[in-house]
Amino acid sequence: MLVVAGLSGSAMLQAGQPDASPPGQEASVAGTDPGPALSDSTGGTGAEQPAAPGGPDASAAQPPAAEQPSAEEPAKAQEAPADGPVSEALVKGTPVVASKEGGPLGPPGAWKLVLDEEFDTLNTSLWTPYWFRDCHPGSTKNGVKTCSSNVKVENGNAVLQLSDAESGALLSTNPKDGVPGHVGFQYTTGYVEARIYFPGTCSGGIYNWPAWWTTGQKFPATGEIDIAEPLAGTMTTVYHSADRDPAKWFIGCWAGGYHTYGVHRKAGVNDVYFDGKLEFSYPTSDGNAPHYLLLNVGINPDKLVLGKTGAIKVDWVRAWQ
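Note that this is a predicted model, so its numbers are computed, not measured. (Residues numbered from 1 in each chain as written. Predicted model: local features only at pLDDT ≥ 70, side-chain atom pairs only at ≥ 80, totals over all residues. Heavy atoms only, no water.)

## Some words on the nonpolar core
Cut-off, in case you're wondering: Throughout, nonpolar core names a set of buried Ala, Val, Leu, Ile, Met, Phe, Trp, Tyr and Cys residues whose side chains join them through atoms within 4.5 Å. Exposure categories follow from relative accessible area, calculated using a 1.4 Å probe and restricted to protein chains: below 20% of the type maximum is buried, above 50% is exposed, and the middle band is partly exposed. When checking whether two residues touch, look at their non-hydrogen atoms; a contact exists if any pair is within 4.5 Å.
Residues Leu160, Trp212, Met235, Tyr261, Leu293, Leu295 and Val317 are the most contacted members of the largest nonpolar core, which totals 43 residues. Excluding its chain neighbours within four sequence positions, the residues that come into contact with Leu293 are Leu115, Trp127, Leu171, Ser172, Thr173, Phe185, Tyr187, Val192, Trp212, Trp213, Thr214 and Val317. Residues Trp131, Leu170, Ala211 and Tyr292 belong to the second largest nonpolar core, which totals seven residues.

Printed below as a string of structure tokens:
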């Protein structure tokens, strides 16, 4: 099921009533200013704020020690190893796009569309364009401040960029971020997917430190699903929880073209789909706590590209039940 609230604007949402939080989860998070300790190096005040994509103790999800990226200083990227010829469609970034009326391409079943964000405008009742405090040095994610000035809607895309080495971008549907007028969106089971352009080249990898992910209010107990997270230039998908960190590192080229990235969140299991193909499946231990959606771009000093050249572009975000 999906835990949602009604919206207006460029996002279409079929409203429903939120469920109570599962046992062990707080029913709410304070809507006041969370204070100065919200950087991804501290994990926030107490356990109420989720960690940055990549998680604080994700040893199982990291490459060998010499290649481990971090929020402050990702390690130098190594080019993904070749594994035979890459298809022309993949190199060009040709997307596999399902008819939204017919359901997502890949996960089986009869689906009902409950969220359709086409980014005709920036709908601030759905998205907050920063992490709790706008462009504040005490409120960072992936090593940078998150600044609403670095989020734009152009040509039907949400464009997230770095304006300098300390200022990045983020979009969040957290309904408990305390931002006036923000309703947000969260889900417990179902399928969420985004069509995203990650900048970069096939030979050099993906620029910066972007991510498309979902998380709950009490990391690590409520888990974090990094659906698509380039680390040190290489595409990964990672899950973080209190007791496990399964991950997959992808070969081939995921830079310089649009692709679809989604997760089918079931009771106790996640299935990750890239371009409609099941790529990774793993058990979960988050109790299917409500998760909200995030898109962001942070810093990787070894692949730092500022402005539009280094921006991620999000064509749409959708959720099915």
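Text resumes after the structure shown.
## Things to note about unusual backbone geometry
In plain terms, the rule: Secondary structure is summarised from DSSP: a helix means a run of H or I of at least four residues, a strand means a run of E of at least two, and numbering begins at the N terminus for each.
The step from Phe219 to Pro220 runs through a cis peptide bond, and the omega angle for that step is 5°. Secondary-structure assignment places Pro220 in the loop between β13 (209-215) and β14 (224-228). Its identity as a non-glycine residue notwithstanding, Asn142 has a phi of 55°, on the positive side. Mapped onto the fold, Asn142 is located in the loop between β4 (140-141) and β5 (144-146). Since its relative accessible area comes to 0%, Asn142 is described here as buried. You will see that Ala232, though not glycine, has its phi angle at about 50°, which is positive. As for its placement among the helices and strands, Ala232 is situated in the loop between β14 and β15 (236-240).

## A few points about the confidence of the model for the protein
Heads up, the condition is: Per residue, pLDDT captures the predictor's confidence, and it can take any value from 0 to 100.
In this model, the protein carries an average pLDDT of 78, and 69% of its residues clear a pLDDT of 70 or more. Within the model, pLDDT remains below 50 along residues 1-96, and this stretch shows 231 contacts once partners closer than five positions in the same chain are excluded.

## Some words on the state of the cysteines
Going by this rule: We call a pair of cysteine sulfur atoms a disulfide whenever their separation is within 2.5 Å.
Counted according to the given criterion, the structure contains two disulfides. Covalently, Cys135 is tied to Cys147 through a disulfide, its sulfur atoms 1.9 Å apart. Around the S-S axis, the bridge from Cys135 to Cys147 shows a dihedral of about 70° and counts as right-handed. With Cys135 in the loop between β3 (113-117) and β4 and Cys147 in the loop between β5 and β6 (151-154), this residue pair connects regions lying twelve residues apart in the sequence. Covalent S-S linkage joins Cys202 and Cys253, the inter-sulfur distance amounting to 2.1 Å. One disulfide, between Cys202 and Cys253, carries an S-S torsion of -85° and so falls in the left-handed class. Highlighted residues: Cys202 in the loop between β11 (200-201) and β12 (205-206) and Cys253 in the loop between β16 (247-249) and β17 (257-266), separated in sequence by 51 residues. With a relative accessible area of 5%, Cys253 lands in the buried category. Taking only the cysteines that form disulfides and numbering them from first to last, the protein has the pattern 1-2, 3-4.

## Here we look at the pattern of salt bridges
Convention followed: Every case where a carboxyl oxygen of Asp or Glu lies within 4 Å of a side-chain nitrogen of Lys or Arg is listed as a salt bridge.
Within this structure, the stated rule accounts for eight salt bridges. The partner of Glu154 in a salt bridge is Lys308, with the nearest N and O atoms 3.4 Å apart. Here Lys308 lies in the loop between β20 (291-298) and β21 (312-320) and Glu154 lies in strand β6, a separation of 154 residues in the sequence. Take Lys308: its relative accessible area is 57%, and that puts it in the exposed class. Arg265 is the partner of Asp286 in a salt bridge, and the nearest nitrogen-oxygen pair spans 3.3 Å. A residue pair is termed long-range when its members are at least 10 positions apart, and Asp286 in the loop between β19 (277-283) and β20 and Arg265 in strand β17 qualify at 21 residues.

## As for the packing of aromatic side chains
For any pair of aromatic rings, geometry is given as the distance between the ring centres together with the angle between the planes. Spelled out, the test is: Paired rings are identified among Phe, Tyr and Trp, the last through its six-membered ring, by centres lying within 6.5 Å, and are further divided according to the angle between planes into stacked (under 30 degrees), edge-to-face (over 60) and tilted (the rest). By the criterion adopted, a ring carries a charge over it if an Arg CZ or a Lys NZ lies within 6 Å of its centre and within 35 degrees of its normal.
Inspection of every chain in the model, using the stated rule, returns 14 aromatic pairs. Ring geometry for Trp131 versus Phe132: centroids 4.9 Å apart, planes at 85°, classification edge-to-face. By relative accessible area, Phe132 is classed as buried at 10%. Through pairs of rings, three or more aromatic residues link up here, namely Phe198, Phe250, Trp254, Tyr261 and Phe274. The aromatic ring of Tyr258 is capped on one face by Arg195, whose charged end is 4.5 Å from the ring centroid.

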